[in-house]
Amino acid sequence: DPFVMHNRDCHDCDAADPKKKTYTKAEAVKRLVALSKEAASTPAKAAEDYFLLGTGLYNLSAYGNAAEMYMTEDYHFRRSPPTYDNSRAEGFFKQAIAASKDKEFQARATFMAAKCELNTWFTKNPDHKVDFKAPSYFKALQEQYGSTQYYKEILKECGYFQSYVNQHKR
């Protein structure tokens, strides 16, 4: 289900879930279009819709739980640049942050934007010879959402975020 997001990506866990919903490519695109229209026409639900749009696009990328949509008939992965691009997903997470007044939700959307930012780094540094420098979202998580329950949750689950926090003690 490309519209399900976890703090820690686990493709195998999602694939093994007996309750998972599966989508064809056409169904996923139809849902993305419907969410986009709903976000534009229903401001009260826009934050949630933007989050789901970001989630869908993230999971439809090479980094997400629905990346198998890019598999060929002989089970090879199509390695084209768009499959690694999380910029549109990141944009929708930013819109979700802006459309919400709920700090917990904003923290969650900020972390998902941080995952997109991290994946951009992975794409540009496939050999990982350069250390990840968290340009914006980790800083926002620490400074703006450090008092949220979600902050405490991701601090336990994300090693990259733990490293950032340890290097940037307040």
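The following refers to the structure shown. (Residues numbered from 1 in each chain as written. Predicted model: local features only at pLDDT ≥ 70, side-chain atom pairs only at ≥ 80, totals over all residues. Heavy atoms only, no water.)

1. Observations regarding the overall build of the protein chain
- When its secondary structure is counted, the protein chain shows 8 helices and 0 strands.
- The secondary structure elements of the protein chain, listed N-terminal to C-terminal, are α-α-α-α-α-α-α-α.
- Counting every position in the protein chain, which comprises 170 residues, the buried fraction comes to 44%.
- By sequence separation, contacts in the protein chain at least 24 residues apart represent 60% of the contacts at least 6 residues apart.
- For the protein chain, the accessible area works out to roughly 10,000 Å², and carbon and sulfur atoms hold 54% of it. (Helix = DSSP H or I, 4+ residues; strand = E, 2+ residues; numbered from the N terminus. Buried < 20%, exposed > 50% of the residue type's maximum accessible area, 1.4 Å probe, protein only. Contact = heavy atoms within 4.5 Å. Areas by Shrake-Rupley, 256 points an atom, 1.4 Å probe, with all protein chains shown as cover.)

2. A closer look at a negative patch on the surface
- A cluster of acidic residues, D102, E104, E153 and E157, forms a negative patch at the surface.
- Within the secondary structure, D102 sits in the loop between α4 (87–99) and α5 (103–124). (Patch = residues over 30% accessible without salt bridge, like charges linked within 9 Å, V, L, I, M, F, W, Y side chains within 5 Å. Salt bridge = Lys/Arg side-chain N within 4 Å of Asp/Glu carboxyl O. Lys, Arg positive; Asp, Glu negative; His and termini not counted. Charge placed at Lys NZ, Arg CZ, Asp CG, Glu CD.)

3. What to know about the nonpolar core
- F93, F111, L141 and F161 are the most contacted members of the largest nonpolar core, which has 48 residues in total.
- Counting only elements with at least two residues in this core, the list comes to α2 (25–41), α3 (46–59), α4, α5, α6 (137–145), α7 (149–157) and α8 (159–167).
- Among the elements that take part in this core, α5 stands out by supplying 11 residues, more than any other.
- With near-sequence residues (within four places) excluded, F161 lies in contact with F138, L141, Q142, Y151, I154 and L155. (Core = buried A, V, L, I, M, F, W, Y, C linked by side-chain atoms within 4.5 Å.)

4. Let's talk about the pattern of salt bridges
- Throughout the structure, instances matching the rule amount to 2 salt bridges.
- Of the charged contacts, one joins E38 and K45 as a salt bridge, the two residues approaching to 2.3 Å between their closest N and O atoms.
- Between K45 and D49 there is a salt bridge, with its nearest N and O atoms 3.1 Å apart.
- Overall, K45 belongs to the partly exposed group, its relative accessible area being 31%.
- Salt bridges sharing partners connect three or more residues here, namely E38, K45 and D49.

5. Side note on the packing of α7 against α8
- At their nearest, the axes of α7 and α8 sit 6 Å apart, and the two run at 105 degrees to each other. Here α8 runs roughly perpendicular to α7, going by the angle between their axes. On α8, the residues touching Y151, I154, L155, K156 and E157 of α7 are G159, F161, Q162 and V165.
- The residue inventory of the contact of α7 with α8, partitioned by class, reads 5 nonpolar, 2 polar and 2 charged. (Axes fitted to C-alpha atoms, helices over the stretch in contact; angles between N-to-C directions. Parallel < 35°, antiparallel > 145°, perpendicular 65-115°, else oblique. Nonpolar A, V, L, I, M, F, W, Y, C, P; charged D, E, K, R; others polar.)

6. Considerations on the side chain of N119
- Here N119 is to be found in helix α5.
- Filtering out sequence-adjacent residues up to four positions away, N119 remains in contact with Y58, Y63 and N86.

7. A closer look at the packing of α2 against α3
- Relative to each other, α2 and α3 sit at 155 degrees, their axes nearing to 8 Å. The angle between α2 and α3 places the two elements in the roughly antiparallel class. Of the two elements, α2 crosses α3, and the hand of that crossing is left-handed. Of the residues in α3, those in contact with R31, L32, L35, S36, E38 and A39 of α2 are A46, D49, Y50, L52, L53, G56 and L57.
- Residue composition of the contact of α2 with α3, grouped by class: 8 nonpolar, 2 polar and 3 charged. (Left-handed = near helix turned anticlockwise from the far one by under 90°.)

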